[in-house]
Amino acid sequence: GSGGAFCSMNTLPNLLVCNPDLEQKPFMIDVQDLPGGAAGSGRVTLEDNYASSGGGALFVKCIIPGGSTKVMGGATPVGDGFYPAAGFARFAFSGNTAGYGSNTATLPQELVLHEPDTVQFEYRPGEPITTKLHISDSFGQQVKMDGTDRLPVTVSARICIGSCESMVAGQGEVFNSANEIDSDGLCDVGVQNKVLVWPASQSTVSKRAVRTYQPLLTLQHAVSAPLQGVTMDPVQLNISRLPCNDDEQFLQASASATGVCEACLEAEYIIDPDQSQCLECPTGGICNGSTVQDFLLETQDDGSKLNLTILWEIIPFNVVASDTEEDRARLIECPAGYLLVRGDPLNDLRPQDDQCAKCPATYYSTRIASWNEIGQPLVDWKLADALTGDKCEDCEPGAVCTGGRSVEPKPGFYSGAPAAARRRVLHNRTRPESSRWEPEPHSNIDVGVFGWWSTGALWESSSAVRGRAGRKNGRRAAAAAGTVQVFRCPADACLGNGQCADGRTGPVCGLCKQGYAMAQERCEPCAEDVGTTIALGAIVGLVVVSVGYYMAAWRVFFTSTLHERNLEEKKRIAEGGEEEEDHRFILVKLCESRGWETLAKRISVYHRWFILNTKTLRGMAGGNEAKKDNLPIQGLMKILIGFYQVLSSFMTTFPIKWPEEQENAMKFTKILAFDVVAVPGPSCVVAQFSYQQKLLMYTMVPPAALIALVCPLTLCIALGYFRYGGWDKHMKYEAVYANTWQMAVFFLFLYYPTVSVASLKSFSCQELGAEGNLLQADFSVACPIDNPASFIFLYSATVAVLYPIGIPVGLYFAMRSYGIPQMAAALRRQAICASLISTYKRHTSSS
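Anyway, here's the lowdown on the structure attached to this text.

## Describing the sheet that holds strand E17 (residues 235–241)
Step number 1: Pairing is mixed across the open sheet formed by five strands, whose spatial order is E9-E17-E16-E11-E12. Either end of the sheet is taken by a strand with one partner, and the two such strands are strand E9 (122–123) and strand E12 (173–180).
Step number 2: Sheet topology places strand E16 (residues 216–223) next to E17; six bridges connect them, and they run antiparallel. Note on E17: the bridge partner recorded for Thr 218 is Asn 238.

What follows is the structure in structure tokens.
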């Protein structure tokens, strides 16, 4: 029962509301009945009382007590343990127990929210109702039974449209459930997983299905029956709807029924969770239950997956079967290497068939396939048409196309493309900050061959566009702009697999890396200490130039003339000496005479090597000693030098792989063309110079050399004029004059190929697509032809006239001025006469 010590009941007539008498008498206990009550000394101790329901010591069987009963019911003893601290009647409590209110309690008064601050007022359809409630007495205590016993009532959860109290039975009610109260007196509706359903209705507006939801619902909780005679008011909450999650659909049994949010499958997508249904994922899409992802997974050769970007858009779609309009995800863009497959607009029944179809083997594509591109050049209506590859590009020669955007090099071929940011805008002179091209990581499609370089699908000449457009049926010229261009590399520059040869980099691998220098069209490694290389090169160059300059220009000035040597020889014979024949090379004798024994030995070695090379020519003279003596050694030397000059040009003329021994020989013979800087070693020095500086260096050598060769002659003229009374009176004038002409002509003969090539290189360019038109001699320089106002173009045009044309023309007029044609004609007549006489003598002597 209730009230372990006292249970009082004093209510208003026909009500359970407490009588006002309880306001004066706490729990209807008359203070006069207590010991010392009138004197104010009455005290009562309520100890170890028990009630299975409420009020272990005191219980009042009514609700809403007032006055001293209300105060005492919610009070705590103070002072010496009695309540109140002073007064006529004082109570003390100790060891009392009960289901609720261990000391004092009333009848259950009302149903209240448990923890009101946590109450949920917004629900997503299908979510469980989370309300918690309990019954409270007039002192605010949670009503329950002692132990495991439960209150003999339940609490309902009722969903209504509008007020539940005004609803006619069965009308306007959305949901109703009964929920038990646990042994602690708590009713947790969420524990019983009572989900909230939401009413909605569907209608059709302009061929579109539109769902309308009730904006607010009433959630009412009420006690199923009076408890201890008390009927309690229900608890009502106004709740609003939350939209379904992005990966859910609102599912109804019928167009006017209630529904809940239900998750879509992973292989589905949904456009508007509140209005549309889960849709089948398109064939070419990857869905997550919410959206069609903006990527597709491409399997690589190593089994890994590569994410490629694709684009979808949500557009209206006419459902023929129901004559309604719904939104669908439609494919509008596929990555490079794919065609966009999308149904024919006139007969498009299955939008879920949209997909990106990979270009088949032997074809490729480097352009993005877009539905919105004018003409839709990379769109097919059927998958079967796309798999033919008709709208993809034919695989380029020297490459293997495995499908998609893959254009892989064959064995021995090269692929690679510079970043698009490295394009040259020639007329605006837009160039990288560095004077050297520097490679960058690139994302364009790679393609190429050994001896070939390729750029991405960003440029193609108009002729190539026209050729492709005419070659392939249905191919639009616009699509040809996506072809991969393949360009020839310098010899041995490209290794294939997108790799440059050792030491090479840049467009078509035509430049040398840091620490390498271009020598004979090859990138040769340089010493790490460039300063030492420059210093050593300067010393060696100075020595070689000084010795060569002396031998070519000043030797004849400082040595005896032939006339002087003949006079000395005659004088020695007249004095009784014997003539000695010395067959040693004149340079060997000269070096020995000056004490340069080591140099004399080395020159002797080179002389013997020269003699061996001319042995065949000398053998042509037969056994006639006179013919041997009269053999034109200088002419033979020119022929030999010309041969080796031609041989040295093979490395640049014929872009093939030469045997290492042959290649080394060609590199060495480059010296015979006076192209010293093209030899490994000196090339590391000039590698620090720009193309313009090297052009100036090559073209300034002839005038500098001719001026140097004329110096001895100038000195002879000056000495003859001031000492001997005439500019041609010096004793060595004739010898120096002849030597100057001979050496000048010989130098021009040697250097003519080198200076001509250097002059004309500025007009040899190669078009490299996105990289622009570049100079083949230096792929870091834009082609001067495209900028006729540039210094390189103007200067190269000048020296191209001066050297390749001017030198032969100048020598021709010089020979005519000295009567060389007449001398040659006379010598020819003499040779004919000598041949006739010799023939006559042979025939007459034999007869």
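Alright, that's what it looks like, and here's the rest.
## Looking at helix H17 (residues 733–760)
Step number 1: For H17, which comprises 28 residues, the first-to-last C-alpha distance of 38 Å matches the rise-based estimate of 40 Å (1.5 Å per residue) to within 8%.
Step number 2: Of all the bends in H17, the largest measures some 50° and sits at Tyr 751, one to four residues before the proline Pro 753.

## Description of the environment of Arg 211
Step number 1: Checked against the element boundaries, Arg 211 lands in strand E15 (residues 208–213).
Step number 2: On the basis of relative accessible area, Arg 211 is assigned to the buried category, the value being 5%.
Step number 3: In the structure, Arg 211 is positioned 63 residues away from Asp 274 in sequence and 7.6 Å away in space, judged by C-alpha atoms.
Step number 4: If near-sequence neighbours (up to four positions away) are discounted, Arg 211 is found in contact with Ala 200, Ser 201, Gln 202, Phe 250, Gln 252, Asp 274, Gln 275, Ser 276 and Gln 277.
Step number 5: Within the structure, Arg 211 has its side chain in polar contact with the backbone oxygen of Asp 274 (distance 2.7 Å).

## Concerning helix H16 (residues 691–723)
Step number 1: Between its terminal C-alpha atoms H16 stretches 48 Å, which fits the 48 Å expected from 33 residues at 1.5 Å a residue.
Step number 2: The axis of H16 is deflected most strongly, by about 35°, at Cys 711, and proline Pro 712 appears within four residues downstream.
Step number 3: Along H16, the residues classified as buried are Tyr 691, Leu 695, Tyr 698, Thr 699, Pro 702, Ala 705, Leu 709, Pro 712, Leu 713, Cys 716 and Gly 720.
Step number 4: Immediately beyond the C-terminal end of H16, within one or two residues, lies Gly 725, with a positive phi of roughly 85°.

## Description of the nonpolar core
Step number 1: In terms of nonpolar packing, the biggest core is built from 41 residues, with Ile 129, Ile 135, Leu 151, Ile 159 and Ile 239 touching the most fellow members.
Step number 2: Looking at this core, the elements that each hand over two or more residues are strand E8 (108–113), strand E10 (132–137), strand E11 (154–160), E12, strand E14 (198–205), E16 and E17.
Step number 3: Listed in part, the 28 residues of the second largest apolar core include Phe 557, Leu 713, Leu 775 and Ile 807.

## Focus on the state of the cysteines
Step number 1: As enumerated under the stated definition, the model contains eleven disulfides in all.
Step number 2: A sulfur-sulfur separation of 1.9 Å characterises the disulfide bridge that pairs Cys 160 with Cys 164. The chirality of the disulfide connecting Cys 160 with Cys 164 is right-handed, given an S-S dihedral of about 115°. The residues Cys 160 and Cys 164 share a single accessibility class, namely buried.
Step number 3: Its sulfur unpaired, Cys 7 is 9.8 Å from the next cysteine sulfur, which belongs to Cys 62.
Step number 4: Judged by its relative accessible area of 47%, Cys 7 is partly exposed.

## Considerations on the pattern of salt bridges
Step number 1: Applying the stated criterion to the full structure yields twelve salt bridges.
Step number 2: Arg 124 is paired through a salt bridge with Glu 127; the nearest N and O atoms lie 3.3 Å apart.
Step number 3: Residue classification places Arg 124 among the buried residues on the basis of a relative accessible area of 18%.
Step number 4: Among the ionic pairs, Arg 330 bridges to Asp 354, the shortest N-O distance being 2.7 Å.

## Quick word on the pairing of strand E22 (residues 295–299)
Step number 1: Going residue by residue along E22, you find Leu 296 and Glu 298 tucked away on one face and Phe 295, Leu 297 and Thr 299 left uncovered on the opposite face.
Step number 2: Taking the residues that link successive antiparallel strands as the turn, the E22-strand E23 (residues 305–309) hairpin has five residues, and the phi of Gly 303 there is positive, at about 90°.

## Digging into the sheet that holds strand E4 (residues 58–60)
Step number 1: The strand order E1-E4-E7 describes an open sheet built from three strands, whose pairing is parallel. Two strands in the sheet have a free side with no partner beyond their single neighbour: strand E1 (6–8) and strand E7 (104–106). Geometrically, the sheet is characterised by an average inter-axis angle of 15° between neighbouring strands, direction not taken into account.
Step number 2: The pairing of E4 with E7 spans three bridges and is parallel. For Phe 59, the partnering residue across the bridge sits in E7 and is Ala 105.

## Quick word on unusual backbone geometry
Step number 1: One non-glycine residue, Ser 206, adopts positive backbone phi at about 50°.
Step number 2: Residue position: Ser 206 is located in the loop between E14 and E15.
Step number 3: In this structure Ser 206 comes out as exposed when scored by relative accessible area, which is 64%.
Step number 4: One non-glycine residue with positive phi stands out, namely Thr 362, at about 75°.
Step number 5: Tracing the backbone shows Thr 362 in the loop between strand E27 (355–358) and strand E28 (363–364).
Step number 6: Under the relative-accessibility criterion, Thr 362 is labelled partly exposed at 47%.

## Points about a nonpolar patch on the surface
Step number 1: Judged by side-chain polarity, Trp 741, Val 801, Ile 805, Val 809, Tyr 812, Phe 813, Met 815, Tyr 818, Ile 820 and Met 823 come together as a nonpolar surface patch covering roughly 970 Å² of accessible area.
Step number 2: Going through the elements one at a time, helix H18 (791–817) and helix H19 (820–846) are the ones with two or more residues in the nonpolar patch.
Step number 3: Element by element, the count of residues in the nonpolar patch is highest for H18, at six residues.
Step number 4: A relative accessible area of 38% places Val 809 in the partly exposed class.

## With respect to the environment of Gln 220
Step number 1: Inspection of the secondary structure assignment puts Gln 220 in strand E16.
Step number 2: By relative accessible area, Gln 220 is classed as buried at 4%.
Step number 3: Put simply, Gln 220 and Arg 158 are 62 residues apart on the chain and 5.1 Å apart in space, counted from C-alpha to C-alpha.
Step number 4: Not counting chain neighbours up to four residues away, the residues in contact with Gln 220 comprise Ser 156, Ala 157, Arg 158, Cys 164, Glu 165, Pro 234, Val 235 and Gln 236.
Step number 5: Of the polar contacts made by the side chain of Gln 220, one reaches the side chain of Gln 236; its length is 2.8 Å.

## Considering the packing of H16 against H18
Step number 1: In contact at an axis separation of 11 Å, H16 and H18 are set at 25° when each is read in the N-to-C sense. With respect to each other, H16 and H18 are oriented roughly parallel. Judged by the sense of rotation from one axis to the other, the crossing of H16 with H18 is left-handed. Each of Tyr 691, Gln 692, Leu 695, Leu 696, Thr 699, Met 700, Pro 702 and Pro 703 in H16 lies in contact with H18, whose residues at this interface are Phe 791, Ile 792, Tyr 795, Ser 796, Val 799 and Tyr 803.
Step number 2: The residue makeup of the contact of H16 with H18, split by class, is eleven nonpolar, three polar and no charged.

## Regarding the packing of H16 against H17
Helix-helix packing: each pair is described by the crossing angle between the helix axes and the interaxial distance.
Step number 1: At a closest axis distance of 9 Å, the pairing of H16 and H17 adopts a crossing angle of 175°. As summarised for this structure, H16 and H17 are arranged roughly antiparallel, according to the angle between their axes.
Step number 2: Here the residues of the contact of H16 with H17 sort into 23 nonpolar, four polar and no charged.

Here is what the cut-offs are and how they apply
Residues numbered from 1 in each chain as written. Predicted model: local features only at pLDDT ≥ 70, side-chain atom pairs only at ≥ 80, totals over all residues. Heavy atoms only, no water. Pairing = 2+ DSSP bridges. Helix = DSSP H or I, 4+ residues; strand = E, 2+ residues; numbered from the N terminus. Expected span 1.5 Å × (residues − 1). Bend = angle between axes of the 7 residues up to and from the residue. Buried < 20%, exposed > 50% of the residue type's maximum accessible area, 1.4 Å probe, protein only. Contact = heavy atoms within 4.5 Å. Polar contact = N/O pair within 3.5 Å; in protein donor to acceptor, adjacent residues only side chain to side chain. Core = buried A, V, L, I, M, F, W, Y, C linked by side-chain atoms within 4.5 Å. Disulfide = S-S within 2.5 Å. Salt bridge = Lys/Arg side-chain N within 4 Å of Asp/Glu carboxyl O. Axes fitted to C-alpha atoms, helices over the stretch in contact; angles between N-to-C directions. Patch = residues over 30% accessible without salt bridge, like charges linked within 9 Å, V, L, I, M, F, W, Y side chains within 5 Å. Areas by Shrake-Rupley, 256 points an atom, 1.4 Å probe, with all protein chains shown as cover. Parallel < 35°, antiparallel > 145°, perpendicular 65-115°, else oblique. Left-handed = near helix turned anticlockwise from the far one by under 90°. Nonpolar A, V, L, I, M, F, W, Y, C, P; charged D, E, K, R; others polar.

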